[in-house]
Amino acid sequence: MIRYRSLKSFYPCFSALCAGGVSLMFAFPLMAETTPLSQDAFQRARQVTVGILADTQDQRTPEKPGKVAVRGTGFHLRDGYVVTARHAAEKHDPTTGTLIQKRIRILTNDLHELPADLVGDSAFMDVVLYRVSEQHRLKLQTGTSFVTGDVLPGMEVFTVGYPLGWGPTMAFGRLGNTNTFLQTVATRLLQADLSACSGNSGGGLFNGQGEIVGIVHAVIQTDKEETQNYCSRMAFAIPGILAERIVNAALSGKPLAFSKLGLHLTSVKDGTRLRVAVQDVTEPAKGAGLQRHDILLAIEGTEVIDAAQLKNFLIERTTPGQEVSIKVRRVDADLTFHIVLGGG
């Protein structure tokens, strides 16, 4: 049986996030042109990568420091801001359950152990932002940025991290399906053909320029035995375009707002082509003129392939209050409507 797991640490107090089936989309975009990876990009990626340290302090002997153990990976964005996967910073409490830690400790590439405080997070998207205490920020000299524009299958990528708590190590591969889904998060994921293990969670997936393409989130576990240590060559990452929106919302101190179109969709056949049609319509789409049975063709000039792809377009590329154009087919006529998106 194939299972997928978030790349949580192998320490006993942290369990796997989810296991179940995999849903894939097969409408692939054009293949990416090969961009040579550079030594400068490797060096930069190593410098921005940090280890997320496990809390090993024995509360019975607070005067004795705990051992240094890495449970996850993250990266320094800029100005002391550190990004990682939310599940890599969670802590299980016997009385209250799983909580996001208000303060974590990170380990830099040059072996500084630094405290970082919670700025904001998204449980639905598995992204969290911390900031290193002001007196220690100068120890983080190198930063990175999120890639701009779309990423395509075939793009060469690499990651730096702490698989099985050891590292930092590097792994190299290519993007596969850039529009695939797991039940662990409420958005699409990037599938990458590279080695990743427990402890890689939260690490950056870098392109040839050392920019962040995605945040490592989960792997497909293909071995039969249920163990707490697992590795795979099929890794999944939160898209950088979405992670950047979560980070920017955290920096602004406001919750990330998602656009509402007001459509309930169903699959229909348009000739020999499977498309999506309006099953039910509410505001704001209703007020703009959309009706039941309209077949959706495009949003803002981008072809609508299915409901999941439309949902992710709204999540990643729109904001509440934005006006978008929707092209539909009604009987034999192609019509275009302009809708001011709601929020929710």
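Numbers given to residues run from 1 along each chain, matching the order in which its sequence is written. Confidence filtering applies because this is a predicted model: local features only for residues at pLDDT of at least 70, side-chain atom pairs given and counted only at 80 or more, and all residues used for totals across whole chains, interfaces and linings. Processing note: side-chain calculations cover all non-hydrogen atoms of the structure and skip hydrogens and water entirely.

### Describing the overall build of the protein
Next, step 1: Here a strand is any run of E in DSSP of at least two residues, a helix any run of H or I of at least four, and the numbering for each starts at the N terminus. When you go through the protein residue by residue, the secondary structure sums to four helices and 23 strands.
Next, step 2: Buried, partly exposed and exposed residues are distinguished by accessible area as a fraction of the type maximum, computed with a 1.4 Å probe on protein chains only: under 20%, between the cut-offs, and over 50%, respectively. Taking all 344 residues of the protein together, the buried fraction comes to 49%.
Next, step 3: In this description, contact between two residues means that some pair of their heavy atoms is separated by no more than 4.5 Å. Sequence separation of at least 24 residues holds for 62% of the intrachain contacts in the protein that already meet a minimum separation of 6.
Next, step 4: Only the protein chains shown count as covering a residue, and every accessible area follows the Shrake-Rupley method with a 1.4 Å probe. Total accessible area computed for the protein in this model is approximately 16,300 Å², and 53% of it derives from carbon and sulfur atoms.

### Structural notes on the pattern of salt bridges
Next, step 1: Salt-bridge detection follows one rule: a side-chain nitrogen of Lys or Arg within 4 Å of a carboxyl oxygen of Asp or Glu. For the coordinates displayed, the defined rule picks out 14 salt bridges.
Next, step 2: In this structure, Glu90 engages Arg86 in a salt bridge whose closest nitrogen and oxygen atoms are separated by 2.8 Å. Neither residue differs from the other here; Glu90 and Arg86 are each classed as buried.
Next, step 3: One network of salt bridges, in which partners are shared, links Asp270, Arg273, Arg275, Glu303, Arg329 and Asp334.

### Examining the environment of Glu156
Next, step 1: Tracing the backbone through its elements, the reader meets Glu156 in strand β10 (residues 156-161).
Next, step 2: Residues Glu156 and Leu37 lie 119 residues apart in sequence; the distance between their C-alpha atoms is 7.6 Å.

### Things to note about the state of the cysteines
Next, step 1: The criterion for a disulfide is a pair of cysteine sulfur atoms lying within 2.5 Å. All told, the structure shown has one disulfide when counted by the stated rule.
Next, step 2: Each disulfide pairs two cysteine sulfurs, and for Cys197 the partner residue is Cys231, the sulfurs being separated by 2.1 Å. Across the S-S bond of Cys197 and Cys231 the torsion is about 110 degrees, and the bridge reads as right-handed. Of this pair, Cys197 sits in strand β12 (residues 190-197) while Cys231 sits in strand β15 (residues 231-239); the two residues are 34 residues apart in sequence, bridging distant segments of the chain.

### Notes on the sheet that holds strand β7 (residues 103-107)
Next, step 1: Pairing between strands requires that DSSP locate at least two bridges from one strand to the other. The six strands are arranged β2-β3-β4-β9-β8-β7 in a closed barrel whose pairing can be described as antiparallel. When the angles between neighbouring strand axes are averaged without regard to direction, this sheet yields 45 degrees.
Next, step 2: Where strand β2 (residues 49-53) lies against strand β3 (residues 70-78), five bridges are found, and the strand directions are antiparallel. Counted as the bridge partner of Thr49 is Phe75 from β3.
Next, step 3: All axes here are fitted lines through C-alpha atoms, helices being fitted over the stretch that makes contact, and every angle between N-to-C directions spans 0 to 180 degrees. Running over the sheet, helix α1 (residues 39-48) touches β2 and β3 and is turned about 25 degrees from β2.
Next, step 4: Strand contacts of helix α2 (residues 240-252): β3, β4 (81-84), β8 (113-122) and β9 (127-132), with the helix running at about 50 degrees to β9, the strand carrying the most contacts.

### Re the packing of aromatic side chains
Next, step 1: Between the rings of Phe, Tyr and Trp (Trp by its six-membered ring), a pair exists once the centres lie within 6.5 Å; its type follows the angle of the planes, with under 30 degrees stacked, over 60 edge-to-face, and the other angles tilted. Enumeration according to the criterion identifies five aromatic pairs in this entry.
Next, step 2: Judged by centre distance (5.3 Å) and plane angle (70 degrees), the ring pair of Phe42 and Phe172 falls under edge-to-face. Taken together, the residues Phe42 in helix α1 and Phe172 in strand β11 (residues 169-175) connect sequence positions 130 residues apart.
Next, step 3: By relative accessible area, Phe172 is classed as partly exposed at 38%.
Next, step 4: Ring pairs connect the aromatic residues Phe42, Phe158, Phe172 and Phe206, which therefore count as one cluster.

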